[in-house]
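Structural overview for review
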Amino acid sequence: MKLKYLTVILFIILTMGLVAFGIKTSVSDKNDEHKSSPGEKTEIVVLHNTEEVSEKINEALDGKSDGTISLNISNDISDDELKKVNLAVNSMKGSIKSITIYNTNTYDLSESYREVEFDYVRSDTMYVYDSIVNNADIPEDKIEALKLRNVCQSFISQNISEYMTDYDKELAIHDYIINNCEYGFSDNNDDSEYSAYGALVNGRAVCSGYAAATNLLLMCVGIDSNVITGLATNLETGETENHAWNQVKIGGEWYHLDTTWDDPVGVRESMIHEFFNVSDDIIDDTHEWDKKNATMCSSMKYNYYIRKGAYIYDVNSLENYCYTQLTTGNDDYLECALKNVDVTDETLQFLFNYDMVETISYSTDGTDEYKILSVYINQ
């Protein structure tokens, strides 16, 4: 009787855990035709870790539609590990919708396993990517994928040309997402804020939605990109929370790109480019991630401020940069990065030497090595 009660308890724990991950789980028996018999020579492939399981599901998601895959999984994989398999599935491709665990009988005493059936759904972003890049059809019942495809196609036709560099395409994508999406949760209580659909169609998303939208548009215009998940810490409040952002390959080298943190919130009024193509060393001050499973980013060559000549090392350089901006029509907002340059009200008094400047306000973000200065003129 104790064994029976233990089995029931384990099933309840597994079911509750998988519901927490949004996956429907069930346990069932299969017909005798699925069971092995003594002496029967049947080659059975048994998977021994979650990496092998997620790899099989990712391969299945490379297909053109939703589906089901049945896998033999070693009993050495615990229930806790099994319920976390969805975290290792490439979310760009899709996700696990439900899991059915079958009570599989085996007479091979050297290999204890259970049969597990995974129902998976292909993501809207994968349908959109295949449609735009490979001219593949999107099924008529994939309404959200069709809407998302239309938004992406419209953006590309209006903002991207074959003559643009990858850097210019990336900048157009970064600025478009920030200008057309606000940070927040869906009014429809449908979790769309976690997806590219939320960011690009509804115009409201949280960090994972920003990152998914950035990743989708970058891939659609031929730029390699990954989504990174980890933690991020607000230097002003000290608060740390789960976060998602991107890594992007420009000019043969990889960089971090965080569209969420470049979006204006709180006291900041304008979009900045603080996390546009930064290295591990720069972003490491505020972001944490699994560096073993992420691409190393060591370059700052295509950093926004360096490319624009706006990475400032002293006050004289700051005055020269502001002069150039103000005399070329940029007379309402100035943005630059400072390295070991202290900024005070007194530091910026030189701006009043220009006739067009009547009032100024400013804000700073970042550390002494990489501090972003935003100056608002006559606002």
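Residues numbered from 1 in each chain as written. Predicted model: local features only at pLDDT ≥ 70, side-chain atom pairs only at ≥ 80, totals over all residues. Heavy atoms only, no water.

Moving on to helix 9 (residues 207-220). Between its first and last C-alpha atoms helix 9 spans 20 Å; for 14 residues at 1.5 Å apiece the expected length is 20 Å, and the two agree. Burial runs high along helix 9: 12 of the 14 residues are buried. Three or more residues of helix 9 are buried, namely C207, G209, Y210, A211, A212, A213, T214, N215, L216, L217, L218 and C220. Two residues or fewer after helix 9 comes G222, characterised by a positive phi angle close to 85 degrees. (Helix = DSSP H or I, 4+ residues; strand = E, 2+ residues; numbered from the N terminus. Expected span 1.5 Å × (residues − 1). Buried < 20%, exposed > 50% of the residue type's maximum accessible area, 1.4 Å probe, protein only.)

Interaxial distance between helix 5 (residues 124-134) and helix 9 falls to 10 Å at its minimum, and their mutual angle equals 20 degrees. Accordingly, the angle class assigned to the pair helix 5 and helix 9 is roughly parallel. The chirality of how helix 5 crosses helix 9 is right-handed. Residues T125, V128, Y129, I132 and V133 of helix 5 form the contact with helix 9, whose participating residues are L216, M219 and C220. Of the residues in the contact of helix 5 with helix 9, the class split is 7 nonpolar, 1 polar and no charged. (Axes fitted to C-alpha atoms, helices over the stretch in contact; angles between N-to-C directions. Parallel < 35°, antiparallel > 145°, perpendicular 65-115°, else oblique. Left-handed = near helix turned anticlockwise from the far one by under 90°. Contact = heavy atoms within 4.5 Å. Nonpolar A, V, L, I, M, F, W, Y, C, P; charged D, E, K, R; others polar.)

In this section: the sheet that holds strand 15 (residues 360-367). Read from one edge of the open sheet, 4 strands run 13-14-16-15, paired in mixed fashion. For this open sheet the edge positions go to strand 13 (311-312) and strand 15, each flanked by a neighbour on one side alone. Bridging between strand 14 (residues 333-338) and strand 16 (residues 370-377) involves 6 bridges; their strand directions are antiparallel. Looking at the pairing, A337 lines up with I372 of strand 16. Along the sheet, helix 12 (residues 315-326) contacts strand 13, strand 14 and strand 16; its crossing angle with strand 14, the most-contacted strand, is approximately 150 degrees. (Pairing = 2+ DSSP bridges.)

Bringing helix 12 into the picture now. Over its 12 residues, helix 12 extends 16 Å from the first C-alpha to the last, a length consistent with the 16 Å expected when each residue adds 1.5 Å. Those residues of helix 12 lying buried are L318, Y321, C322, Q325 and L326. The arc enclosing the buried residues of helix 12, seen along the axis, measures out at 125 degrees, which places them on a common side. Summarising the geometry of helix 12, the exposed residues directed more than 90 degrees from the buried face are N316 and N320. Structurally, helix 12 contributes buried residues whose contacts are with helix 11 (304-308), strand 13, strand 14 and strand 16. Between a side-chain oxygen at the N-terminus of helix 12 and the backbone nitrogen of N316 the separation is 3.2 Å; the capping residue is D314. (Arc of directions from axis to C-beta. Polar contact = N/O pair within 3.5 Å; in protein donor to acceptor, adjacent residues only side chain to side chain.)

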